[in-house]
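Residues per chain are reported as follows:
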Amino acid sequence: MINSKDFRIGIIGLGYVGLPLARLFATQYSVTGFDINQKRVDQLNAGDDVTLEVEEDLLNAVLKTDNNADSGLFCSTDLKDLKACNFYIITVPTPVDKNHRPDLTPLFKASETVGKVLDKGDIIIYESTVYPGATEEDCIPIVEKISGLKFNEDFYAGYSPERINPGDKEHTVEKILKVTSGSTPEVAKKIDGVYASVITAGTHLAPSIKVAEAAKVIENSQRDINIAFVNELAKIFNLLNIDTHDVLEAAGTKWNFLPFKPGLVGGHCIGVDPYYLAQKAQESGYHPEIILAGRRINDSMGQYVAGEMIKLLIQNDIKVKNSKILVLGITFKENCPDVRNTRVVDVVEELQGFSAGVTIVDPWVKPEEVKAEYGLDVLNEIPDEQYDGILLAVAHEQFKNINLEPLLKPSGIIYDVKKTLKNYNKRL
């Protein structure tokens, strides 16, 4: 039986993954949330989560100003506030670089941070997506070096892959079954017990850290490959003048048909994680053909969508150069402000490469963040103008019943990537 007073939890990284987890643990445990972004910490201490993952009332219910309280969440950028913790959870991003190679810099920095405050008997759990072996082979040696402590003698580790789905208010962190693991059988049971005390959906204790790491990375690799398959189908059916969504609807009447849909594949998981598995496979002497083929197809969809849009303009005798195109949505998925690794950017850049004038509208994002990340101007509301083409890229609720006719020139076209609009000329 887990006694919440035996554990003081430190969450390193208060983003889309770390904050919901910290909020949940804070309902029963004393939690210190640590982040290097002072602006982010100030916003959270004011009860404001700009990611919209934790509702204001839930966040305010657990926030505390006293880091010594028995329960609640104390957010800080000060390393000394982590010193009282004995159960550390690392939830920092694990991106890829421009060559699609895993970039573990944030993870290594977080390992150094924990190493500076680690005491004997403490436990470190990694939740960031990695390739099998990264925790024990790459991260733990950093902790040992910084702390001067010996792994599995002085401190212990575990891996529990995050399964956060940004923007999903139904499948929240406590409602998603949690995979856990530990560096020794005893520690594994202890880690599993701590998570089980707050995860109502239950836990699955994996036999090793590497198994848990592998389970996470194949979850998103599997989805990536399935989406790549339907994206390839969309390209084929477009050549055959068949509506892909009609085909999928018909095929979906069979009980074991998997309901994947074509589209742009971005975000912090599906568009990234397969590269982690591919990198590890290549280092081990195996070239992963299916995984990388799926990535190539999905990474090419932005250019494909833009190309289809340009074809439609030409077919309607609209000059592409200096045409006015309205792109609806810039986030990587619907109904959330997350623009990490969004592939809508590929569509925009391709259209701009043909000298089209592109106006991007997204009611969910902060325009200054998109400008800083991608150098693109975004509006939160649609200007009262007319356009040669309108491209629905992200299926936000605000777009589903919108009347686009007043915004469209007489010969203008609509390209509905997500089959969201009732009236359209073309859909993927």
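Conventions adopted
- Residues numbered from 1 in each chain as written.
- Predicted model: local features only at pLDDT ≥ 70, side-chain atom pairs only at ≥ 80, totals over all residues.
- Heavy atoms only, no water.
- Helix = DSSP H or I, 4+ residues; strand = E, 2+ residues; numbered from the N terminus.
- Buried < 20%, exposed > 50% of the residue type's maximum accessible area, 1.4 Å probe, protein only.
- Contact = heavy atoms within 4.5 Å.
- Areas by Shrake-Rupley, 256 points an atom, 1.4 Å probe, with all protein chains shown as cover.
- 1 Å grid on protein atoms, 1.4 Å probe; cavity = no way out; pocket = protein on both sides within 12 Å on 5 of 7 lines; lining within 4 Å.
- Points joined across faces, edges and corners; volume = space filled by probe spheres on them.
- Nonpolar A, V, L, I, M, F, W, Y, C, P; charged D, E, K, R; others polar.
- Domains from an automatic or database assignment.
- Phe/Tyr/Trp six-rings, centres within 6.5 Å; stacked < 30°, edge-to-face > 60°.
- Lys NZ or Arg CZ within 6 Å of the ring centre and 35° of its normal.
- Axes fitted to C-alpha atoms, helices over the stretch in contact; angles between N-to-C directions.
- Parallel < 35°, antiparallel > 145°, perpendicular 65-115°, else oblique.
- Buried area = accessible area lost by both parts, 1.4 Å probe.
- Polar contact = N/O pair within 3.5 Å; in protein donor to acceptor, adjacent residues only side chain to side chain.
- Left-handed = near helix turned anticlockwise from the far one by under 90°.
- Salt bridge = Lys/Arg side-chain N within 4 Å of Asp/Glu carboxyl O.
- Patch = residues over 30% accessible without salt bridge, like charges linked within 9 Å, V, L, I, M, F, W, Y side chains within 5 Å.
- Lys, Arg positive; Asp, Glu negative; His and termini not counted.
- Charge placed at Lys NZ, Arg CZ, Asp CG, Glu CD.

(A) Structural view of the overall build of the chain. Looking only at helices and strands, the chain has 14 helices and 14 strands in total. Viewed in the frame of its principal axes, the chain has a C-alpha envelope of about 70 × 50 × 40 Å. When burial is assessed residue by residue, the chain has 54% of its 428 residues classed as buried. Within the chain, contacts between residues separated by at least 24 positions form 71% of all contacts whose residues are at least 6 apart in sequence. Entry remark: accessible area of the chain is about 19400 Å², with carbon and sulfur atoms responsible for 51%.

(B) Here's a closer look at the layout of surface pockets. Volume-wise, the second largest pocket comes out at about 1200 Å³. When residues of the lining of the second largest pocket are assigned to their parent elements, the largest contribution, five residues, is made by helix α7 (residues 209–239). Partitioned by chemical class, the residues of the lining of the second largest pocket number 17 nonpolar, twelve polar and twelve charged. Taken together, domain 1 (4–207) and domain 2 (300–427) each give at least three residues to the lining of the second largest pocket, which thus spans both.

(C) Structural view of unusual backbone geometry. Of note, the phi angle at His100 is positive, near 65°, even though the residue is not glycine. With respect to the helices and strands, His100 occurs in the loop between β4 (87–90) and α4 (105–117). A relative accessible area of 36% places His100 in the partly exposed class. Unusually for a residue other than glycine, Asn322 sits at a positive phi of about 70°. Along the chain, Asn322 turns up in the loop between α11 (301–315) and β9 (324–328). A relative accessible area of 61% places Asn322 in the exposed class.

(D) Layout of the packing of aromatic side chains. All chains considered together, the criterion is met by five aromatic pairs. Between the aromatic rings of Phe25 and Tyr29, the centroid separation amounts to 5.7 Å while the plane-to-plane angle is 75°, which identifies the pairing as edge-to-face. Tyr29 matches Phe25 in its accessibility class, with the two residues each being buried. Taken together, Phe25, Tyr29 and Tyr195 form an aromatic cluster joined through their ring pairs. Sitting over the face of the ring of Tyr304, Lys235 holds its NZ or CZ atom 5.2 Å from the ring centroid. We note Lys324 situated over the ring of Tyr387; from NZ or CZ to the ring centre the distance is 5.4 Å.

(E) Spotlight on the environment of Trp364. Note that Trp364 resides in the loop between β10 (357–361) and α13 (367–374). With relative accessibility at 25%, the residue Trp364 sits in the partly exposed group. The spatial distance from the C-alpha of Trp364 to the C-alpha of His396 is 8.5 Å, given a sequence separation of 32 residues. Ignoring any residue separated from it by four or fewer positions in sequence, one finds Trp364 in contact with Leu52, Asn335, Cys336, Pro337, His396 and Gln398.

(F) The arrangement of the packing of helix α5 (residues 134–147) against α7 in detail. Two elements in contact, α5 and α7, have axes whose closest approach is 9 Å; the angle formed by their N-to-C orientations is 105°. Regarding the angle of α5 to α7, the classification is roughly perpendicular. Touching Ala134, Thr135, Glu136 and Glu137 of α5 are Ile209, Lys210 and Glu213, all from α7. By residue class, the composition of the contact of α5 with α7 is two nonpolar, one polar and four charged.

(G) Just the domain arrangement of the chain, in detail. When the domains of the chain are assigned, the result is domain 1 (4–207) and domain 2 (300–427). Contact with domain 1, which involves seven residues of that partner, is made by nine residues of domain 2. Buried area between domain 1 and domain 2, summed over both chains or domains, comes out near 620 Å², and the portion from carbon and sulfur atoms is 60%. Seen at the junction of domain 1 and domain 2, the total is two residue pairs in polar contact (both at pLDDT 80 or more). Split into classes, the residues belonging to the side of domain 1 that touches domain 2 amount to four nonpolar, three polar and no charged.

(H) Local environment of the packing of helix α9 (residues 273–283) against helix α10 (residues 289–299). α10 packs onto α9 with a crossing angle of 145° between their chain directions and a minimal axis gap of 10 Å. Classified by chirality, the crossing of α10 by α9 is left-handed. Residues Pro274, Tyr275, Leu277, Ala278 and Gln282 of α9 form the contact with α10, whose participating residues are Ile291, Leu292, Arg295 and Asp299. The residue inventory of the contact of α9 with α10, partitioned by class, reads six nonpolar, one polar and two charged.

(I) Quick look at the pattern of salt bridges. Within this structure, the stated rule accounts for 17 salt bridges. A salt bridge links Lys178 to Glu127, with the shortest nitrogen-to-oxygen separation between them at 3.1 Å. With a gap of 51 residues between them, Lys178 in strand β7 (residues 178–180) and Glu127 in the loop between β5 (123–126) and α5 connect regions that are remote in the sequence. Take Lys178: its relative accessible area is 4%, and that puts it in the buried class. Taking the shortest distance from any N to any O, the salt bridge between Glu385 and Lys324 comes out at 2.8 Å. One end of the pair, Glu385, is in the loop between β11 (378–379) and β12 (387–392); the other, Lys324, is in strand β9, with 61 residues separating them in the sequence. One network of salt bridges, in which partners are shared, links Glu137, Lys210 and Lys280.

(J) Seen up close, a nonpolar patch on the surface. Together, Ile236, Leu239, Leu240 and Ile242 make up a nonpolar patch on the protein surface, roughly 400 Å² of accessible area in all. The topology assignment puts Leu240 in the loop between α7 and α8 (244–251).

(K) Focus on a negative patch on the surface. Taken together, the side chains of Asp48, Glu55, Glu56 and Asp57 make up a negatively charged region of the molecular surface. Mapped onto the elements of the fold, Glu56 is located in helix α3 (residues 56–62). Glu56 gets classed as exposed once you look at its relative accessible area, which sits at 56%.

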